[in-house]
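Residue-level structure breakdown
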Amino acid sequence: MTEQRLLHAQWSSRMAFILAASGSAIGLGNIWKFPYLAGQYGGGAFVLVYLLCVVAIGLPIMIAETLLGRRGRQSPINTMLTLAEEAKASPNWHYAGWLGVTAGFLILSYYSVIAGWSMAYIFKVNSALFEHIHAAAATRFFDEFKSSWEFQLIWHTVFMVATMVIVSRGVSGGLERATRYMMPALLAMLVLLDFYGMSSGGFGQGFAFLFNPDFSKLTGEGVLAAMGQAFFSLGLGMGSIMVYGSYLPAHVSIARSSAFVASADTAVALMAGLAIFPIVFANGLEPTMGPGLIFQTLPIAFGQMPAGWLFGMVFFVLVFFAAVTSAIALIEPAVAFLAENLALHRKTACLYAGLACWALGLATAFSFNIWSEVKLFDKTLFELVDFVTANLMLPLGGLLVAVFAAWVMPRATVESELEMGPGPAFGLWHALTRYVAPAGIVIIFLDALGVL
Ligand code: PHE
């Protein structure tokens with residue numbers, strides 16, 4: 001075991017870790033999911049709860065999860081086992097690792113379908129079809145695309161294969177190189193779209209929708225969704241930050257890196273919101289449109305810009321890359337586990353994990369068309385997988401991480417691992433992780449259940 005921990009791969013630098021962790025955090029969650037959830041749950045109040053969750057629950061847990069990973073230096077399941085042993089706690093803690101591996105796997109199954117949409121749009125925006133397209137036509141176009149099971153199948157498959165090829169190339173070969181240039185380029189495209197939003201005539205309304213909280217619109221379900229989104233967007237509670245932390249060299253400040261990643265992630269989500277809602281209002285669209293929101297609004301923006309086809313293509317290429325770097329993080333815990341425990345070659349582990357995930361993803365791909373009538377608990381298969389993973393499994397995984405780091409691990413071990421210096425920073429983190437984050441998660445769960 002010790003030998004395995006020593007041989008475990010490492011990032012080439014602190015910057016490499018930050019880029020990979022930002023790559024994991026920034027993805028469809030920011031560009032596709034945040035805007036449509038904000039739209040569905042009434043805007044400002046949802047955004048405010050989301051921001052509070054990022055600061056008071058997400059960031060402390062991100063630090064905790066990275067810390068566990070670096071200390072354990074293995075896949076999440078084995079890390080939890082080793083750390084539990086070290087802290088003389090129950091080996092059952094390794095089930096937290098299992099929860100994470102399963103969640104990542106389930107999320108990737110539908111993530112791949114949606115990422116497939118952005119791949120398809122790379123080619124669609126580039127056609128004359130989208131020139132000066134108006135709202136009704138953009139919606140019709142999207143609906144037709146979504147209801148074709150053949151298209152869904154093809155793009156889901158293409159995305160999954162691309163992801164697995166990158167993952168199979170290993171930590172520094174595939175993961176690092178993929179993130180280095182894409183993130184700054186994505187940011188530049190969002191700035192462009194924000195400028196378009198400012199000139200669209202709907203900016204004031206879009207801005208007010210996102211930042212004027214109307215608490216009468218906030219339900220227990222909305223609060224749960226906001227917390228789930230904080231976990232989803234930061235990429236927490238399922239072992240991917242843990243596994244990235246396990247590749248982190250000693251003496252890199254976990255707290256500072258995490259704060260950077262969380263800020264970047266939040267900024268990108270808000271920028272996406274500020275790009276999309278002005279378009280929604282300027283074109284008389286409904287904010288509550290759901291998962292198709294960006295696919296029905298952005299083509300309108302690109303259709304009206306000079307050289308919009310080019311910007312549109314570049315944008316969806318970048319969304320695709322943002323999605324790939326998150327997808328890598330979603331499957332990495334499963335791949336690391338298969339490689340360690342079944343002694344599989346990394347490429348073989350990728351093949352197995354990828355195939356299984358692809359098969360599961362068919363449920364989502366078809367939930368928009370031939371299986372749209374298949375419902376469980378009043379949700380389509382896509383909605384169900386999304387709800388269970390983002391709103392239940394990730395916060396639960398996060399809760400376990402927080403409890404383990406702040407209650408089970410000896411405080412001295414944690415303190416020496418974090419090296420936060422003599423100031424109040426460590427105490428603040430410890431209090432947030434020990435009390436605030438777990439209490440927040442439990443209260444939000446109970447509230448959504450109607451117990452409170
Ligand atoms: N954070 C990613 C996104 O916003 C998704 C993700 C979730 C990645 C969980 C890793 C772990 O798109």
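Residues numbered from 1 in each chain as written. Predicted model: local features only at pLDDT ≥ 70, side-chain atom pairs only at ≥ 80, totals over all residues. Heavy atoms only, no water.

Time to look at helix H4 (residues 44-72). With 29 residues, H4 extends 40 Å from end C-alpha to end C-alpha; this agrees with the ideal 42 Å at 1.5 Å per step. Val54 marks the point of greatest bend in H4, at about 40°. Burial analysis of H4 places 22 of its 29 residues in the buried class, which makes it a mostly covered element. One or two steps after H4, the chain reaches Arg73, where phi turns positive at roughly 55°. (Helix = DSSP H or I, 4+ residues; strand = E, 2+ residues; numbered from the N terminus. Expected span 1.5 Å × (residues − 1). Bend = angle between axes of the 7 residues up to and from the residue. Buried < 20%, exposed > 50% of the residue type's maximum accessible area, 1.4 Å probe, protein only.)

Once that is clear, we can look at the pattern of salt bridges. A full pass over the atoms with the stated rule returns six salt bridges. The residue Arg71 makes a salt bridge to Glu86 at a minimum N-O spacing of 3.0 Å. A residue pair is termed long-range when its members are at least 10 positions apart, and Arg71 in helix H4 and Glu86 in helix H5 (residues 76-86) qualify at 15 residues. Classification of Arg71 as partly exposed rests on a relative accessible area of 26%. (Salt bridge = Lys/Arg side-chain N within 4 Å of Asp/Glu carboxyl O.)

With that settled, consider the environment of Ser112. In this structure, Ser112 sits in helix H6 (residues 94-124). By relative accessible area, Ser112 is classed as buried at 0%. Between the C-alpha atom of Ser112 and that of Cys357, which follows or precedes it by 245 residues, the distance is 9.0 Å. Leave out the neighbours within four places in its chain, and Ser112 touches His156, Phe159 and Met160. (Contact = heavy atoms within 4.5 Å.)

Taken together, the neighbourhood of the ligand is formed by 14 residues, with Ser24, Ala25, Gly29, Tyr111 and Phe232 sitting nearest. Here a nitrogen atom of the ligand sits 2.9 Å away from a polar atom, N or O, in the main chain of Ala25. Starting from 330 Å² of accessible surface for the ligand in isolation, the protein chains cover 100%. Per-element accounting of the shell around the ligand gives the leading share, three residues, to helix H3 (residues 28-40). Partitioning the shell around the ligand into residue classes produces six nonpolar, eight polar and no charged. (Near = heavy atom within 4 Å. Polar contact = N/O pair within 3.5 Å; in protein donor to acceptor, adjacent residues only side chain to side chain. Areas by Shrake-Rupley, 256 points an atom, 1.4 Å probe, with all protein chains shown as cover. Nonpolar A, V, L, I, M, F, W, Y, C, P; charged D, E, K, R; others polar.)

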